Amino acid sequence: MLDKLNKIFEIIEENHLDFYFNHSKEEFEEFKKEALSKFKLEDDYDLLYVCNYIIKRMVNENDGHTIVRYSDFLYLGVLPRIINNKMYIYKAVEAIKNYLYDEILEINGVNINTIIDEVRDRCLYQTEGFREANVEKNMMDVSVLRSLPSIDNKTDEFIFKVNHNGEVKEIKIPYGRVGFRNYKHYEDKDRMHIIYSLCREFKPNQMINMINEIKNIAGINYYIVDLRGNTGGNSGITEPLLEFLKDKKIIVLIDKYVYSAGRLACYDLRNLGAIFIGTDIGSPLNCFGNCPPIEFEKFYVQPSNAYYTYYDSVGDLETKEKFEEFLKRDDYKKIMEPRYFHPDIYVEESIDALREGRDVYLEKAYEYIDSLENKKKLG
């Protein structure tokens, strides 16, 4: 296993823009020594945890993209949500929908706070919001759960203990993927709600086909672009949407999951004059990124091989040589200071609203539009 670990970090060192920009090789060896003394290294799941534990310490909060993943891509049919420091079942496959919005107390007999702490210890993040989002996403990833120090690596069953209407119950979580909507649109009088929850297409021309549908719908004065959950993909897919929305009244819904290419959509939509409603997004505008997977045995190794400065005078840094030159600048630290993207109107999530079937983000958007309409009436 130690040979595998060393090989994985050779791949990262070779392909990362500069894996040692934040900590030296000597410090890397210290982090590795600490991890190997703290955790067992007996199988691939242990290796998965140890690798990401070390990566987190090497890049701190500067690089939210570099990661090692397990290649089986098995998922549980549940997506948790952290609200006010408690974890709830937020989305679920049909078989366990009766337990939606129940508080999660344990997983496989381990207190949920222990699980959360162990996941946090191996998750990269650049904002506190994405730290939570990453924990939530990892809770449905079977390989991540198996890799945790407190969970049996060989388990095939995941039993959640929940508070169900005041009664403690145990439920076996089935395997599966929680569904999500994308490239959808809904009309309500003069308002259109456009769902754009991932910058990826699973069928050819999904974005263009959606634009062709909505451009012929008359009587729309306000376009609500829903970017919630958009963790990125290919930023080029957004272009037809941006072109269509020029000179229109745009409201954008954002949350802590908006990341990578999702953040680029925020930047471009703000340049179109959009008003943003929601929470802070999951990454700064300037960040490391572009991490195509490199296959190694049962793993995908994904080191960041670019840095996006968001300074026109500097541009994007996409080679080791460019980044090395950049680090010689007197002002490189200032340029790398995180440039966070904030909403114009903040939204606070609540478990009560979810249980009541209310979308507090969409409610805020309607309130904002109504306020504009009332101002018009008042002259």
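Everything numeric here is computed off the predicted structure, so don't read it as measured data.

**Digging into the sheet that holds strand β13 (residues 287-289)**
- Within the open sheet, the three strands sit side by side as β13-β16-β17. Their pairing is antiparallel. Among the strands making up the open sheet, the edge pair consists of β13 and β17 (316-317).

**Structural notes on the packing of aromatic side chains**
- One pass over the structure, following the stated rule, counts 24 aromatic pairs.
- Judged by centre distance (6.3 Å) and plane angle (25 degrees), the ring pair of Tyr307 and Phe326 falls under stacked. On the criterion of sequence distance, the pair formed by Tyr307 in strand β16 (residues 306-308) and Phe326 in helix α10 (residues 320-326) is long-range, its members being 19 residues apart.
- Looking at Phe326, the relative accessible area reads 3%, which means it is buried.
- Here the aromatic residues Phe21, Phe288, Tyr307, Phe323, Phe326 and Tyr332 are joined through ring pairs into a cluster of three or more.
- The side chain of Arg177 reaches across the aromatic face of Tyr75, ending 3.8 Å from its centre.

**Here's the deal with the environment of Tyr101**
- Mapped onto the elements of the fold, Tyr101 is located in the loop between β3 (86-92) and β4 (103-107).
- Along the backbone, Tyr101 and Arg81 are 20 residues apart, and their C-alpha atoms lie at a distance of 8.7 Å.

**Quick look at unusual backbone geometry**
- A positive phi angle, near 55 degrees, is found at Asn165, a position not held by glycine.
- Structurally, the position occupied by Asn165 is in the loop between β6 (159-164) and β7 (167-172).
- Its relative accessible area of 71% is what places Asn165 among the exposed residues.
- Of note in the backbone geometry, Tyr183 takes a positive phi value of approximately 55 degrees without being a glycine.
- Mapping Tyr183 onto the fold places it in the loop between β7 and β8 (184-188).

**Examining the environment of Asp330**
- With respect to the helices and strands, the residue Asp330 is situated in the loop between α10 and α11 (332-336).
- Between the C-alpha atom of Asp330 and that of Pro284, which follows or precedes it by 46 residues, the distance is 22 Å.

**Some details on the packing of helix α1 (residues 2-15) against helix α2 (residues 25-38)**
- Here α1 crosses α2 at 145 degrees, and the two axes come no closer than 13 Å. Our pair here, α1 against α2, has a crossing hand that is right-handed. Contacts between α1 and α2 pair Leu2, Leu5, Asn6, Phe9 and Glu13 from the former with Lys25, Phe28, Lys32 and Leu36 from the latter.
- Of the residues that constitute the contact of α1 with α2, the class distribution is five nonpolar, one polar and three charged.

**Here we look at the nonpolar core**
- Grouped together as the largest cluster of nonpolar side chains are 56 residues, with contacts concentrated most on Met139 and Phe160.
- Residue contributions to this core peak at 11 residues, all from helix α3 (residues 44-59).
- Other than its neighbours up to four places away in sequence, Phe160 contacts Leu76, Val78, Ile104, Glu106, Ile107, Lys169, Glu170, Ile171 and Ile173.
- Judged by nonpolar contacts, the second largest core, of 34 residues, contains Ile214, Leu242, Val252 and Leu269.

**Remarks on the sheet that holds strand β14 (residues 294-296)**
- An order of β1-β15-β14 is seen for the three strands of this open sheet, with the pairing classed as antiparallel. Of all the strands in the sheet, the pair left with one neighbour each is β1 (67-70) and β14. Neighbour-to-neighbour, the strand axes of this sheet turn through a mean angle of 30 degrees, independent of strand direction.
- Along the sheet, α1 contacts β1, β14 and β15 (299-302); its crossing angle with β14, the most-contacted strand, is approximately 165 degrees.
- The strands that α3 touches are β1 and β15; relative to β1, the one it contacts most, it runs at about 165 degrees.

**A short note on the layout of surface pockets**
- Roughly 320 Å³ of volume is contained in the second largest pocket.
- Elements with a minimum of two residues in the lining of the second largest pocket: β2 (78-83) and α5 (128-138).
- Counting residues per element, the lining of the second largest pocket draws most heavily on β2, at three residues.
- Of the residues that constitute the lining of the second largest pocket, the class distribution is four nonpolar, four polar and seven charged.

Cut-offs applied
Residues numbered from 1 in each chain as written. Predicted model: local features only at pLDDT ≥ 70, side-chain atom pairs only at ≥ 80, totals over all residues. Heavy atoms only, no water. Pairing = 2+ DSSP bridges. Helix = DSSP H or I, 4+ residues; strand = E, 2+ residues; numbered from the N terminus. Phe/Tyr/Trp six-rings, centres within 6.5 Å; stacked < 30°, edge-to-face > 60°. Buried < 20%, exposed > 50% of the residue type's maximum accessible area, 1.4 Å probe, protein only. Lys NZ or Arg CZ within 6 Å of the ring centre and 35° of its normal. Axes fitted to C-alpha atoms, helices over the stretch in contact; angles between N-to-C directions. Left-handed = near helix turned anticlockwise from the far one by under 90°. Contact = heavy atoms within 4.5 Å. Nonpolar A, V, L, I, M, F, W, Y, C, P; charged D, E, K, R; others polar. Core = buried A, V, L, I, M, F, W, Y, C linked by side-chain atoms within 4.5 Å. 1 Å grid on protein atoms, 1.4 Å probe; cavity = no way out; pocket = protein on both sides within 12 Å on 5 of 7 lines; lining within 4 Å. Points joined across faces, edges and corners; volume = space filled by probe spheres on them.

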